[in-house]
Amino acid sequence: MALARIARSNLRRSGVAFGSNANAYERDMFNERTYTTKCSLPSHVDGNFSYISRIKEQSYMNISMRGIAGTPSYQFPNTQRVIDESESELEEDPTRYAGLEATKPGEKPRVVVLGTGWAACRFLKGIDTKIYDVVCISPRNHMVFTPLLASTCVGTLEFRSVAEPVGRIQDALARDPNSYFFLASCTGVDTNKHEVYCEAVTNGGLSKEPYQFKVAYDKLVIAAGAEPLTFGIKGVKEHAFFLREVYHAQEIRKRLLLNLMLSENPGISEEEKKRLLHCVVIGGGPTGVEFSGELSDFITRDVRECYTHVKDYIHVTLIEANEILSSFDVSLRQYATKHLTKSGVRLMRGVVKEVHPKKIILSDGTEVPYGLLVWSTGVGPSEFVKKLNLPNSPGGRIGVDGWMRVPSVEDVFALGDCAGFLEQTGRPVLPALAQVAERQGKFLTELFNKIGKQNGGKAMSANDIQFGEPFVYKHLGSMASVGAYKALVDLRQSKDAKGLSLAGFVSWLIWRSAYLTRVLSWRNRFYVAVNWGTTLVFGRDNSRI
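These figures come from a predicted structure and were not determined experimentally. Here the residue numbers are simple positions, counted from 1 along each chain's written sequence. Per-residue local features of the predicted model are confined to residues with pLDDT of at least 70, and side-chain atom pairs are confined, for both listing and counting, to 80 or more; whole-chain, interface and lining totals are unaffected and use all residues. Heavy atoms throughout the structure, all of them, feed into the side-chain values; hydrogens and water do not.

Caption draft 1: Structural detail: the overall build of the protein. Scanning the protein from terminus to terminus reveals 17 helices and 24 strands. We call two residues in contact when some of their heavy atoms are within 4.5 Å. Expressed as a percentage of contacts within the protein between residues at least 6 apart in sequence, the contacts between residues at least 24 apart total 67%. Runs of H or I in DSSP of at least four residues are treated as helices and runs of E of at least two as strands, each being numbered from the N terminus.

Here is the structure:
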């Protein structure tokens, strides 16, 4: 490479000699240079590029012998561009899959974790970093406390209150020399080579786009989460908002406040005001119901004080194909229906057929205009999970056994919303709930620490270790807020079991107390408590930032 640069430098500094055959020389040089660099390369290149340097040197020598003394770079810009681009390609190709190689004897085994959701972060929090080096790979560097995400959409809580940096959950990722967090998306897994292939999440900040790398693992934990279910309905992805990430809540908040301010502009028709201020929620599960309750509170307390000119135009409609909160006790469902209706939320039964920019069409032909559409109909396997060559459980999740292992491959585990028990285990696929993912993360942490202490952390070394009892999930109950200081608490272990069910103000206190204690850090618990107190005293902030 050094010889190539010297030859190119001499070529630039040399004089210029134009003759009658200058154009022919330029054409010959261009063709020879292109052929030499792009057609004569071997299939494999050694690390010091000595072979490439010799090719370049020979190419420049041939050019000199053809009678060209040399030209300044600006005389032949096309030729210079080919030289630079070819050299750039040669330099970058060998680093295309640079990354972390397999651990050596004497080094700690490496655990690679894909994701920063409930399951992944609970696993990271408890893993013994004296036994393992940990590498976490995720397109986001924080965990989202999803039960409180709906509250951020209307300003009850600030966004940072529900986001916990992964470096605070497991400080070894920032402190230990061989533990890392990589802001990237996993694009593939080679279970034979024990490697994962990744693509960095950037916004034009790197010289090479996309930037790809690989990470070798001794143990792999796939906790990549799930994606919202759209059932293939036309227009959902283009026009609806989801509520899974912090940036989803930010987008919903911006659209809600924008519509409120636009509707006050002069010249807006009555019909257009009603459309702009019609908030439609699709899905009557806990997320949809809690968001509807938060919206009704926002309208009742804040919109009618800050947007008096349009306060009578804003409405909320909750559309569900069956019954809302179908997993809750019948009496709690009836309470929620009455309370939401009393709070101004219109409940509709229907199935969405199509989604258009300003209206949705139901299966019976009913057209529902909207200004804000929030889609909350459950989750399903992501595209990443679908393309993995791994066994599947019913529903398309990654199939696992009772110890969260993926059968037929070594040292691969899966948990959370992306994993489900294989049909041959005789266990039902667990619901996509935070408490399920958290419990699985805790179980797998204890299992890894156990096998690590028995020298089973390295790749292919845990076959003879007894794993102990398999994972058993016991449901602790469900909770949901319905707005106006009211909530539901269902402490039954299953849908058909008997147990304690509460609704009202006391349930709302239990709901807030339980979630406040589940927030991961004392810092965020303080943020949440302060936000709740500030909202109670001063109301919600309606700044559109």
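Caption draft 2: Inspection of the packing of aromatic side chains at higher detail. Between the rings of Phe, Tyr and Trp (Trp by its six-membered ring), a pair exists once the centres lie within 6.5 Å; its type follows the angle of the planes, with under 30 degrees stacked, over 60 edge-to-face, and the other angles tilted. Per the counting criterion, the structure on display carries 12 aromatic pairs. Seen in terms of ring centroids, Phe-413 and Phe-448 are 4.9 Å apart; in terms of plane orientation they differ by 70°. Their pairing is edge-to-face. One end of the pair, Phe-413, is in strand E20 (residues 412-414); the other, Phe-448, is in helix H15 (residues 434-453), and 35 residues separate them in sequence. The exposure class assigned to Phe-413 is buried, which follows from its relative accessible area of 3%. Seen from their ring centres, Trp-511 and Tyr-515 are 5.5 Å apart, and the 80° between their planes marks the pair as edge-to-face. Within this pair, Trp-511 and its partner Tyr-515 are both found in helix H16 (residues 505-518), separated by four residues, close to a single helical turn. Tyr-515 shares its class with Trp-511; the two are buried. The criterion is that NZ of a Lys, or CZ of an Arg, lies within 6 Å of the ring centre and within 35 degrees of the ring normal, and then a charge sits over that ring. One Lys or Arg, Arg-427, reaches over the ring of Phe-421 and ends 5.0 Å from the middle of that ring. Residue placement shows Arg-512 over the ring face of Trp-532; its charged tip is 4.2 Å from the ring centre. Relative accessible area decides the class of each residue, using a 1.4 Å probe on protein chains only: under 20% of the type maximum gives buried, over 50% gives exposed, and in between gives partly exposed.

Caption draft 3: Summary view of the sheet that holds strand E15 (residues 359-362). Here we have three strands laid out as an open sheet, ordered E14-E15-E16, and antiparallel in their pairing. Looking along the sheet, the strands with just one partner apiece sit at the ends: strand E14 (352-355) and strand E16 (367-369). Across the sheet, the axes of successive neighbouring strands diverge by a mean angle of 25°, strand direction being ignored. Two strands are counted as paired when DSSP detects at least two bridges linking them. As defined by bridge partners, E14 adjoins E15 across three bridges and the pair is classed as antiparallel. Paired with Val-352 across the bridge in E15 is Leu-362. Angular values range over 0 to 180 degrees, each being the angle between N-to-C directions of two axes fitted as lines to C-alpha atoms, with helices fitted over their stretch in contact.

Caption draft 4: Summary view of the pattern of salt bridges. Basic side-chain nitrogens of Lys or Arg form a salt bridge, by our definition, when they fall within 4 Å of a carboxyl oxygen of Asp or Glu. In the structure shown here, the tally under the stated rule is 17 salt bridges. Residue Glu-367 is joined to Lys-359 by a salt bridge in which the shortest nitrogen-to-oxygen separation is 3.3 Å. The exposure class of Glu-367 is partly exposed, given its relative accessible area of 46%. On the basis of relative accessibility, which here comes to 29%, the residue Lys-359 falls in the partly exposed class. For Asp-401, the salt bridge is made with Arg-405, and the minimal N-O distance between the two is 2.9 Å.

Caption draft 5: Representation of a nonpolar patch on the surface within the structure. Residues Tyr-485, Phe-505, Val-506, Leu-509, Ile-510, Leu-536, Val-537 and Phe-538 make up a contiguous nonpolar surface patch of about 810 Å² in total accessible area. Of all elements in the fold, only H16 and helix H17 (522-538) reach the threshold of two or more residues within the nonpolar patch. Per element, the largest residue contribution to the nonpolar patch is four residues, and it comes from H16. Here Tyr-485 shows up in the loop between strand E22 (478-483) and strand E23 (486-490). Each patch is built from residues lacking any salt bridge and having more than 30% relative accessible area; the joining distance is 9 Å for like charges and 5 Å for nonpolar side chains (Val, Leu, Ile, Met, Phe, Trp, Tyr). In these tables, accessible area is a Shrake-Rupley quantity obtained with a 1.4 Å probe, and a residue counts as shielded only by the protein chains included in the view.

Caption draft 6: View of unusual backbone geometry. Even without being a glycine, His-194 presents a positive backbone phi close to 60°. On the secondary structure map, His-194 appears in the loop between strand E6 (180-190) and strand E7 (195-200). Residue His-194 is classed as buried on the basis of its relative accessible area, which comes to 9%. At Met-404, a position not held by glycine, the phi torsion is positive, near 65°. Residue placement: Met-404 occurs in the loop between strand E19 (398-400) and E20.

Caption draft 7: Region of the structure containing the packing of helix H10 (residues 246-262) against helix H12 (residues 286-306). In contact at an axis separation of 14 Å, H10 and H12 are set at 35° when each is read in the N-to-C sense. Where H10 crosses over H12, the handedness of that crossing is right-handed. Residues Ile-252, Leu-256, Leu-257 and Leu-260 of H10 form the contact with H12, whose own contacting residues are Phe-291, Leu-295, Phe-298 and Val-303. Put simply, Ala, Val, Leu, Ile, Met, Phe, Trp, Tyr, Cys and Pro go in the nonpolar bin, Asp, Glu, Lys and Arg in the charged bin, and everything else, Gly too, in the polar bin. Considered class by class, the residues forming the contact of H10 with H12 number eight nonpolar, no polar and no charged. Note on convention: the crossing is left-handed when the near helix lies turned anticlockwise from the far helix by less than a right angle, right-handed when the turn is clockwise.

These figures come from the coordinates and say nothing about function on their own.
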